[in-house]
Amino acid sequence: MKKEIIIITGGPGTGKTTIIEKLIEKGYACYPEISREVTLEAKRQGIDQLFLTEPLLFSQMLLDGRLKQFHNALQEECSRIFIDRGLPDVLAYMDYIGDDYPEHFDVHCIETRYDSVFVLPPWEEIYVSDEARYENFEQAKVIYEHLKLTYKKYGYNLIEVPIGTVEDRVDFIFGHLK
């Protein structure tokens, strides 16, 4: 069975998790964003902002987790799998903060290919900062631009999901997948 692995990406606070939750509710195989999990685990270990204090370690942990998600998605019994963020997101964030990363980060982005990438634009009306999302809205807009550039660098044609209700956004995604 051919697997269709679909990425939902965008800057922080754009509604990715809400869309993934709606897809799960509809019965689709989905993998959640793992950066929040990595951040909260670091906080439990006494590291307030792992991404800021040890960005390469944080990014390596994300890269490993997202590679695992991709390989797990290939083992799913269903043909269509949605993932909240992909490997290029890791590099986009590293570029955003101006840090270098090892060559294997780039190699994984070249070798690990997704079938479709949907990108959610910044949406100020729903944007909220919290204990795991420390960026302000202006920073979220800059991250969004880095994400678009990074995915395009790896040859992806991004499909921008318009702002709207979660149902409208999910319908838009399925309209492009048919």
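Look up: the structure comes first, before these words.
Residues numbered from 1 in each chain as written. Predicted model: local features only at pLDDT ≥ 70, side-chain atom pairs only at ≥ 80, totals over all residues. Heavy atoms only, no water.

Right, let's talk about the overall build of the chain for a bit. Counting its regular elements, the chain contains eight helices and five strands. Along the chain, helices (α) and strands (β) appear in the sequence β-α-β-α-α-α-β-α-α-β-α-β-α when read from the amino end. By the compact-globule yardstick of 16 Å for 178 residues, the chain fits well, its C-alpha radius of gyration being 15 Å. The principal-axis extents of the C-alpha atoms in the chain amount to approximately 45 × 35 × 30 Å. Counting across all 178 residues of the chain, residues that qualify as buried make up 50%. Each charge class in the chain can be summarised by its mean position, and for the 20 positive and 31 negative side chains these summaries are 5 Å apart. (Helix = DSSP H or I, 4+ residues; strand = E, 2+ residues; numbered from the N terminus. Rg over C-alpha atoms; globule rule 2.2 N^0.38 Å. Buried < 20%, exposed > 50% of the residue type's maximum accessible area, 1.4 Å probe, protein only. Lys, Arg positive; Asp, Glu negative; His and termini not counted. Charge placed at Lys NZ, Arg CZ, Asp CG, Glu CD.)

Going through the model one piece at a time under the given rule, you end up with seven aromatic pairs. Seen in terms of ring centroids, Phe70 and Tyr114 are 5.7 Å apart; in terms of plane orientation they differ by 85°. Their pairing is edge-to-face. With Phe70 in helix α4 (residues 55–75) and Tyr114 in the loop between α6 (103–111) and β4 (116–120), this residue pair connects regions lying 44 residues apart in the sequence. Note on Phe70: relative accessible area 8%, which makes it buried. What makes Tyr114 buried here is its relative accessible area of 6%. Each ring, one from Tyr151 and one from Tyr156, has its centre 5.6 Å from the other, and the planes form 65°; the classification is edge-to-face. Put simply, the rings of Phe70, Tyr114, Tyr151 and Tyr156 pair up and form one aromatic cluster. (Phe/Tyr/Trp six-rings, centres within 6.5 Å; stacked < 30°, edge-to-face > 60°.)

Okay, the packing of helix α5 (residues 87–97) against helix α7 (residues 137–153) next. How two helices pack is summed up by the angle between their axes together with the distance between the axes. At a minimum axis separation of 8 Å, α5 and α7 run at an interaxial angle of 125°. On the basis of the axis angle, α5 is oblique to α7. You can see that α5 and α7 cross each other, and the crossing is right-handed. Across the interface between the two elements, Pro88, Asp89, Leu91, Ala92, Tyr93, Asp95 and Tyr96 from α5 touch Gln139, Val142, Ile143, His146, Leu147, Thr150 and Tyr151 from α7. (Axes fitted to C-alpha atoms, helices over the stretch in contact; angles between N-to-C directions. Parallel < 35°, antiparallel > 145°, perpendicular 65-115°, else oblique. Left-handed = near helix turned anticlockwise from the far one by under 90°. Contact = heavy atoms within 4.5 Å.)

Extensive coverage of strand β3 (residues 80–84) is indicated by the burial of four of its five residues. In this sheet, β3 lies alongside strand β1 (residues 4–10) in parallel orientation, the contact comprising five bridges. When the bridges of β3 are listed, Ile7 appears paired with Ile83. As paired strands, strand β2 (residues 29–31) and β3 are joined by three bridges and run parallel to one another. (Pairing = 2+ DSSP bridges.)

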